[in-house]
Amino acid sequence: MGIIEHRRLIILGAGPAGLSAAIYAARAELKPLVITGMVLYGQVTLTNTIENYPGFPKGIGGIELGQLFEEQAKVFGTEFAYDEIQSVDLSARPFTLTTYSGSYTADALILAMGSRHKKLNVPGEEAFVGRGVSYCGTCDGWFTKDKNIHVVGGGDSALEEALFLTRFARSVTIIHRRDALRAGAILENRARNHPKIHFLFDSVVKEIRGQEVVEELIVENVKTGEVSQVPSQGVFVFIGHTPNTQTFIGQLELTPAGTIRIDEFMETSQKGVFAAGEIADSHFRQVITSAGMGAAAAISATHYLESL
Ligand SMILES: Cc1cc2nc3c(=O)[nH]c(=O)nc-3n(C[C@H](O)[C@H](O)[C@H](O)COP(=O)(O)OP(=O)(O)OC[C@H]3O[C@@H](n4cnc5c(N)ncnc54)[C@H](O)[C@@H]3O)c2cc1C
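Calculation rules
Residues numbered from 1 in each chain as written. Predicted model: local features only at pLDDT ≥ 70, side-chain atom pairs only at ≥ 80, totals over all residues. Heavy atoms only, no water. Buried < 20%, exposed > 50% of the residue type's maximum accessible area, 1.4 Å probe, protein only. Helix = DSSP H or I, 4+ residues; strand = E, 2+ residues; numbered from the N terminus. Contact = heavy atoms within 4.5 Å. Axes fitted to C-alpha atoms, helices over the stretch in contact; angles between N-to-C directions. Parallel < 35°, antiparallel > 145°, perpendicular 65-115°, else oblique. Left-handed = near helix turned anticlockwise from the far one by under 90°. Near = heavy atom within 4 Å. Areas by Shrake-Rupley, 256 points an atom, 1.4 Å probe, with all protein chains shown as cover. Nonpolar A, V, L, I, M, F, W, Y, C, P; charged D, E, K, R; others polar. Domains from an automatic or database assignment. Buried area = accessible area lost by both parts, 1.4 Å probe. Salt bridge = Lys/Arg side-chain N within 4 Å of Asp/Glu carboxyl O. Polar contact = N/O pair within 3.5 Å; in protein donor to acceptor, adjacent residues only side chain to side chain.

Some words on helix H4 (residues 156–165)
Phase 1: The buried fraction of H4 is high, at seven of 10 residues.
Phase 2: Residues of H4 that are buried: Ala158, Leu159, Glu161, Ala162, Leu163, Phe164 and Leu165.
Phase 3: Buried residues belonging to H4 abut helix H3 (137–140), strand S11 (148–152), strand S12 (171–175), helix H5 (185–192), strand S13 (197–200) and strand S17 (235–237).

Rendered as structure tokens:
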């Protein structure tokens, strides 16, 4: 497939990091192209309400926030390609990107491809996806109406989603491998005081069983080794994320956490290639921090392009 287009700056990913980078780069008149990947707006589409993004004291829907980011990026001339990156060649300049529909070259890149949810990797998980196993409360919450379900995980996402699922489910039991949660205090208090939420601490899911749909979980207590059969009508998994770095392995330095290594200017080990958001951050993982990194990456990319 021939080269179809050259751009000064291409942004890979259309989550909070990519779209914020686009706003800044477009305002610097770089006419950035955003290649969106499969999930326009990124992970914010997986959550019902975002309560901690400044400017929205009453909270804002995840998709609605994504739409506002996109609209603001378009005001200043960002273009979008609804396509997915298949491979990237950073060994020669300009850099070459291959997508499903063609190829691009670019003088500078901002990598903002985020991360994807981790799986439990236990028997039954794969087989019951869509039949009781889910990774998105907003998407599948409705199917839990009047059911007794489980949420696996103990961080912010797990608790937020468990609270959201109480709107539909009869009961939500949170299964967490430790005896203390990792979530923020407000969420923890809300969850602990919710009459529909229960906890199974020090426990891990070993298997998901059922006929047509999920019917029970095999749960092991990690302290006592005791294994029990727990009736369940659905299991939502929120146990962390893996950064989407596959395309760059062998081309860019990674951190021990598996994220792309960047310096304080958001620059990767390759000059002219910047990274922002969860692809380069395994620690903060918020809309505001990802958006902030996106803005910083765009400012650095602007300086880099001016220096050429
Ligand atoms: C259930 C849930 C609830 C959350 N709640 C909150 C909250 O209340 N407040 C908060 O601040 N944060 C919350 N977060 C976290 C927040 O959504 C993320 O920190 C943020 O979305 C990360 O932004 P990002 O731009 O780095 O990546 P992502 O949002 O992961 O976006 C990645 C983008 O890259 C694209 N992409 C991936 N692969 C490719 C490819 N090969 N080619 C092209 N594009 C590609 C995707 O399509 C997507 O557009 C929540 C997350 C989850 C999962």
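Right, picking up where we left off after that structure.
Quick notes on the packing of H4 against H5
Phase 1: The interhelical angle for the contact between H4 and H5, taken along N-to-C directions, is 40°, at an axis separation of 10 Å. With respect to H5, the axis of H4 lies oblique. Considering only the axes of H4 and H5, their crossing is left-handed. On H5, the residues that touch Asp156, Leu159, Glu160 and Leu163 of H4 are Leu187, Glu188, Arg190 and Ala191.

A word on the site of the ligand
Phase 1: Near the ligand you find 33 residues, and of these Thr36, Val39, Gln43, Glu278 and Val287 are the closest.
Phase 2: Burial of the ligand by the surrounding chains reaches 94%, relative to a free accessible area of 1000 Å².
Phase 3: Top contributing element to the shell around the ligand by residue count: H4, with three residues.
Phase 4: When its residues are assigned to classes, the shell around the ligand shows 13 nonpolar, 15 polar and five charged.
Phase 5: Residue contributions to the shell around the ligand reach at least three from each of two domains, namely domain 1 (3–116 + 241–307) and domain 2 (119–237).

Re the domain arrangement of the chain
Phase 1: Here the chain is described as being made up of domain 1 (3–116 + 241–307) and domain 2 (119–237).
Phase 2: Here the C-alpha centre of domain 2 lies 32 Å away from the C-alpha centre of domain 1.
Phase 3: Residue-level contacts link four residues of domain 1 with eight residues of domain 2.
Phase 4: Summed over both sides, the interface of domain 1 with domain 2 buries roughly 520 Å², with 36% coming from carbon and sulfur.
Phase 5: Remark: the boundary between domain 1 and domain 2 carries one salt bridge.
Phase 6: Linking Arg190 and Glu51 is a salt bridge whose minimum nitrogen-to-oxygen distance equals 3.3 Å.
Phase 7: Our count for the domain 1 to domain 2 interface comes out at three residue pairs in polar contact (both at pLDDT 80 or more).
Phase 8: For the side of domain 1 that touches domain 2, the per-class residue count stands at one nonpolar, two polar and one charged.

Some remarks on unusual backbone geometry
Phase 1: Look at the link from Arg93 to Pro94: it is a cis peptide, with omega at -5°.
Phase 2: The topology assignment puts Pro94 in the loop between strand S6 (85–89) and strand S7 (95–99).
Phase 3: In this structure, Asp202 is a non-glycine residue whose phi angle is positive, near 55°.
Phase 4: Following the sequence through the fold, Asp202 ends up in the loop between S13 and strand S14 (203–210).
Phase 5: Under the relative-accessibility criterion, Asp202 is labelled buried at 13%.
Phase 6: Its identity is not glycine, yet Met266 carries a phi of approximately 70°, on the positive side.
Phase 7: On the basis of relative accessible area, Met266 is assigned to the buried category, the value being 12%.

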